[in-house]
Amino acid sequence: MKVSRGFTLLELLIGLTLFGFVLGLLLGGFRLASASWDAVTSRTEATVNTQLGRNFTRHLLSQLQPLRWKKDVNQSIAFRGEHASLQAIAALPSQWNSGGLQVIELSVQTDEQPGLFRLVLRHAPLRRDSEQFIDGLDNAGEGRVLLDGLVAAEFNYFGSEKIDGSPRWQNHWGNNPQQLPQLIALRTADNEGGGVDLVVVPMIGKAACRWDSVNNRCS
């Protein structure tokens, strides 16, 4: 009569050890795959959000209106441009509050991460009875972040400082308050060594021109 032989304690311990080792490898691979998937998803979302932010910024800059502010002493065009910010009047989509013409501010601000910057949009309804067109921004709040994680960002303006002067690029627009710049550029750089220059033609009528990136000039 044969007697069935079971596992010894040593064999059982070896089997459990091997099983634990294999299980550890499987869990490690799962964690690595999960981390890789999360990284790819996060990167894709960041890329999509950046592209949407750039497209919206381009559209917004193309909608700047050359309106004269009646309360202004010289009835200047409602526009102020600096290297880190600009204020103007533009048409916003209907889903943004009531939509239509509003006073806007695009500004480069310090990001939550040290050494980085972000582009923030603030907007408010026009107050026709105010002395300056930007007065409506007093209660606009903190605004919405359009772009973030930027190593550098600045605005440049193409146009002439005088009515009959020669146009050129400059980082300030204030010497010629009777017209909008012919071109507005937002130059950015991200933390991966890349960057995109948005060059936009605002609504300026006959004085408008389009930027020729091949010949690097206004055509």
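Residues numbered from 1 in each chain as written. Predicted model: local features only at pLDDT ≥ 70, side-chain atom pairs only at ≥ 80, totals over all residues. Heavy atoms only, no water.

Draft legend 1. View of the packing of aromatic side chains. Under the counting rule described, the total for this entry stands at 2 aromatic pairs. When the ring of Phe79 is compared with that of Tyr157, the centres are 6.0 Å apart and the planes differ by 85°; the resulting orientation is edge-to-face. Here Phe79, found in strand β1 (residues 79-81), pairs with Tyr157, found in strand β5 (residues 144-159); they are 78 residues apart in sequence, far enough to count as distant. Lying across the ring of Trp169, Arg187 places its NZ or CZ 5.0 Å from the centre. (Phe/Tyr/Trp six-rings, centres within 6.5 Å; stacked < 30°, edge-to-face > 60°. Helix = DSSP H or I, 4+ residues; strand = E, 2+ residues; numbered from the N terminus. Lys NZ or Arg CZ within 6 Å of the ring centre and 35° of its normal.)

Draft legend 2. Structural view of the nonpolar core. If you look at the biggest cluster of nonpolar residues, it comprises 27 residues, and the most contacted ones within it are Leu64, Phe79, Leu86, Leu106 and Phe155. Sorting the residues of this core by element identifies α1 (9-62), β2 (85-92), β3 (100-110), β4 (117-125), β5, β7 (183-190) and β8 (197-200) as the ones contributing at least two each. If sequence neighbours within four positions are ignored, Leu64 has contacts with Phe79, Ala88, Ile89, Ala90, Ile104, Leu180, Ile184, Pro202 and Met203. (Core = buried A, V, L, I, M, F, W, Y, C linked by side-chain atoms within 4.5 Å. Buried < 20%, exposed > 50% of the residue type's maximum accessible area, 1.4 Å probe, protein only. Contact = heavy atoms within 4.5 Å.)

Draft legend 3. Geometry of the side chain of Gln102. Among the secondary structure elements, Gln102 is positioned in strand β3. For Gln102, a relative accessible area of 1% corresponds to the buried category. A polar contact of 3.0 Å, which involves the side chain of Gln102, links it to the side chain of His123. (Polar contact = N/O pair within 3.5 Å; in protein donor to acceptor, adjacent residues only side chain to side chain.)

Draft legend 4. Here's a closer look at the pairing of β2. Counting buried positions along β2 yields 7 of 8 residues, so the element is predominantly enclosed. Where β1 meets β2, 3 bridges bridge the pair, whose relative direction is antiparallel. The residue bridging Arg80 from the neighbouring strand is Gln87, located in β2. A loop of 3 residues connects β1 with β2, the two strands running antiparallel in sequence. Pairing between β2 and β3: 8 bridges, direction antiparallel. Residue pairing for β3: Ala91 is matched across the bridge by Leu101. (Pairing = 2+ DSSP bridges.)

Draft legend 5. Summary view of the confidence of the model for the chain. With 75% of its residues at a pLDDT of 70 or more, the chain has an overall mean of 78. β4 holds the highest mean pLDDT among the elements of the chain, 92, whereas strand β10 (residues 217-218) holds the lowest, 44. Here residues 205-214 scores under 50 on pLDDT; set against residues more than four positions off or in separate chains, the count is 20 contacts. (pLDDT = per-residue confidence, 0-100.)

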